[in-house]
Amino acid sequence: MPATIDAPGGAEVAPDPTPLFDPRTYLDGVPHDLIAELRAHAPVGWIGEPELMGWEPGPGFWAVLTHELVNRVLRDAATFSSHFGGTQIRDPKTAEMLAFVQRMMLNQDPPQHTRLRRLLMRSFTPSAVAELEATISDRATTLVDNVVHLGRADFATDVSAELPLLTLADIMGVPTEDRMLLFDWSNRVIGYQDAEYAVSDAFDPAAGTEMAKRSREVRVRIRPGADGRMPDPRSREGLADMYSYAHDLAEHKRANPGSDVVSILLAAPDDEGGITNDEFETMFFLFAVAGNETLRNGIPGGLWALLHHPDQMARLIADRSLLPGAIEEMLRFMPPVVHFRRTATRDTELGGREVRAGDKVVVFHVAANRDPAVFADPDRFDIERSPNDHLTFGAGPHFCLGAHLARRQMTAMFTEALWRLPNLRLDRDPARPPERLLSNFQHGFKHLPVVWDTDGHTAEAQ
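The following refers to the structure shown. It should be emphasised that the depicted structure is a prediction, and the values quoted were computed from it without experimental measurement. (Residues numbered from 1 in each chain as written. Predicted model: local features only at pLDDT ≥ 70, side-chain atom pairs only at ≥ 80, totals over all residues. Heavy atoms only, no water.)

1. Topic: the nonpolar core
- Within the largest apolar cluster, 114 residues are counted, with the highest numbers of intra-cluster contacts made by F280 and F284.
- It is helix α12 (residues 277–307) that contributes the most residues to this core, 15 residues altogether.
- Apart from residues no more than four positions distant in its own chain, F284 is found in contact with M172, V174, L182, W185, M242, Y245, A246 and L249.
- By size, the runner-up hydrophobic cluster in this structure holds 19 residues, among which are L20, F21, I47 and W55. (Core = buried A, V, L, I, M, F, W, Y, C linked by side-chain atoms within 4.5 Å. Buried < 20%, exposed > 50% of the residue type's maximum accessible area, 1.4 Å probe, protein only. Helix = DSSP H or I, 4+ residues; strand = E, 2+ residues; numbered from the N terminus. Contact = heavy atoms within 4.5 Å.)

Okay, structure coming up:
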């Protein structure tokens, strides 16, 4: 049982919610038992922001834990703003940092958000999407071709990580040889408290373009502050190399447009003017991080769910027609995004709580997706669950633009992995354990070692 604390006035006793805020909690997985206890106590609860892991203490926030109220908050941008304080729990350290993150589409409200989203949606033309989809299956096939004879691999790094990187490179018109920059940037943002991800350096400058080499020179100049810490990756200073690359890429695409989405975006006219280079740079951040990290965690998470439910995996392998439903259940059961923040613009009531203007309101997707009021037996993994109204891709004005392509990539990857890697299972080598990311925002696996049979031989016997 989790520790308990007295609620205001001492009239109630509730489970201690602090572990939901602590990134270290998620190294062992999402604390679903705690979430269920908290939701049973109240659909909305207050969580403090204690000092931990180098974070300064914060004012605290309201945690929204039911499907109905998460949906309501996400759809009501007038009351629950993405812009006022950004979409991360912790406040930016300075007014300048807040102003910078507010320029990002992710951290805007209508009508500013509507304009940028409209421009971006227009750029995903039918021909551009068709071109992307035509390559996804081929690339998934190639990625499995590269490992099928080995009998073992780290599924998170050796198999699934490359597919979203290559797809994003196609969307953005990033040269293939520069794609590992996207890997490093997303690692540094999402895993900046994780010892492995914070110093991610997988890109080989010798193999990159001149744009990449200039970006690399900028990264070398990023230095720790007086406290010895690197700049916050949410700041322009913390990702100066990425913004340098984005600026150069925009200039290149304007001068040499192609058929990729970014070329279409940069050339798109608009009643209020086309997209500026500054707007593109912050949009590039959204592509590079959200577009990459979410799927990179979603695919290994889906496999983890299957491997821990062998009856469901056997049913799926026996009947490929179940794959679309299985992917929806993977997304519900193992959502890669733990939460998103909003800020109340006015005094309001939410789940019986009096929320004040300026309060942080944090919706937990991992809680909404296991709400027993919506999902029967919510902790059961069922590839034939129907209906399956999960909120993994959000709702309202910020519903994920890449949802269709994410599903398409998951379909391609699991089609290859499940039916070409016989007897696929976790690697039980104690020297190669699964390893989760240290983060309270993204839930995913940095490493997921697996083995399978090759030519009638098990990997353990080779």
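2. Here's the deal with the pairing of strand β10 (residues 360–364)
- Counting buried positions along β10 yields 5 of 5 residues, so the element is predominantly enclosed.
- Side chains K360, V362 and F364 of β10 all project onto a buried face; the interleaved residues V361 and V363 project onto the opposite face, where all are buried too.

3. Thoughts on the sheet that holds strand β14 (residues 449–451)
- With antiparallel pairing, the 3 strands of this open sheet are ordered in space as β6-β14-β11. The open sheet is flanked by β6 (152–154) and β11 (425–426), the only strands paired with a single partner.
- As defined by bridge partners, β11 adjoins β14 across 2 bridges and the pair is classed as antiparallel. Each bridged residue has a counterpart across the sheet, and for R425 the counterpart in β14 is V451. (Pairing = 2+ DSSP bridges.)

4. A closer look at the packing of aromatic side chains
- Taken as a whole and assessed by the stated rule, the structure comprises 12 aromatic pairs.
- Arranged with centres 5.2 Å apart and planes meeting at 45°, the rings of F21 and W55 form a pair that is tilted. Pair noted here: F21 is in the loop between β2 (13–15) and α1 (32–41) and W55 is in the loop between β3 (44–49) and β4 (58–64), with a separation of 34 residues, a long-range link. With respect to burial, F21 and W55 carry one shared label: buried. (Phe/Tyr/Trp six-rings, centres within 6.5 Å; stacked < 30°, edge-to-face > 60°.)

5. Notes on the pairing of strand β7 (residues 339–344)
- Within β7, 6 of the 6 residues are buried, leaving the element largely enclosed by the surrounding structure.
- Burial along β7 is two-sided: the face carrying H339, R341 and T343 and the face carrying F340, R342 and A344 are both buried.
- Taken together, the 2 bridges between strand β5 (residues 80–81) and β7 define a ladder with antiparallel strand orientation. Of the residues in β7, the one forming a bridge with F80 is A344.
- Note: β7 against β10, 5 bridges, orientation antiparallel. In the strand pairing of β10, H339 is matched with F364.

6. A look at the sheet that holds β4
- Spatially, 5 strands are ordered β3-β4-β10-β7-β5 in an open sheet, and the strand pairing comes out mixed. Each having just a single partner strand, β3 and β5 make up the two edges of the open sheet.
- Across 3 bridges, β4 lies against β10 in parallel orientation. The residue bridging W62 from the neighbouring strand is V361, located in β10.
- Sheet contacts for helix α2 (residues 67–75): β3, β4, β5, β7 and β10; angle to β10, the most-contacted strand, approximately 125°. (Axes fitted to C-alpha atoms, helices over the stretch in contact; angles between N-to-C directions.)

7. Remarks on helix α7 (residues 162–172)
- Burial analysis of α7 places 10 of its 11 residues in the buried class, the great majority of the element.
- Three or more residues of α7 are buried, namely E162, L163, P164, L165, L166, T167, L168, A169, I171 and M172.
- In the segment just after α7, G173 is the residue with positive phi, at about 70°.

8. Examining the environment of V262
- By the secondary structure assignment, V262 is in helix α11 (residues 261–267).
- Separated by 18 residues in sequence, V262 and F280 have C-alpha atoms that sit 9.0 Å apart.
- For V262, the contacting residues outside a window of four places in its chain are I171, M172, K253 and F280.

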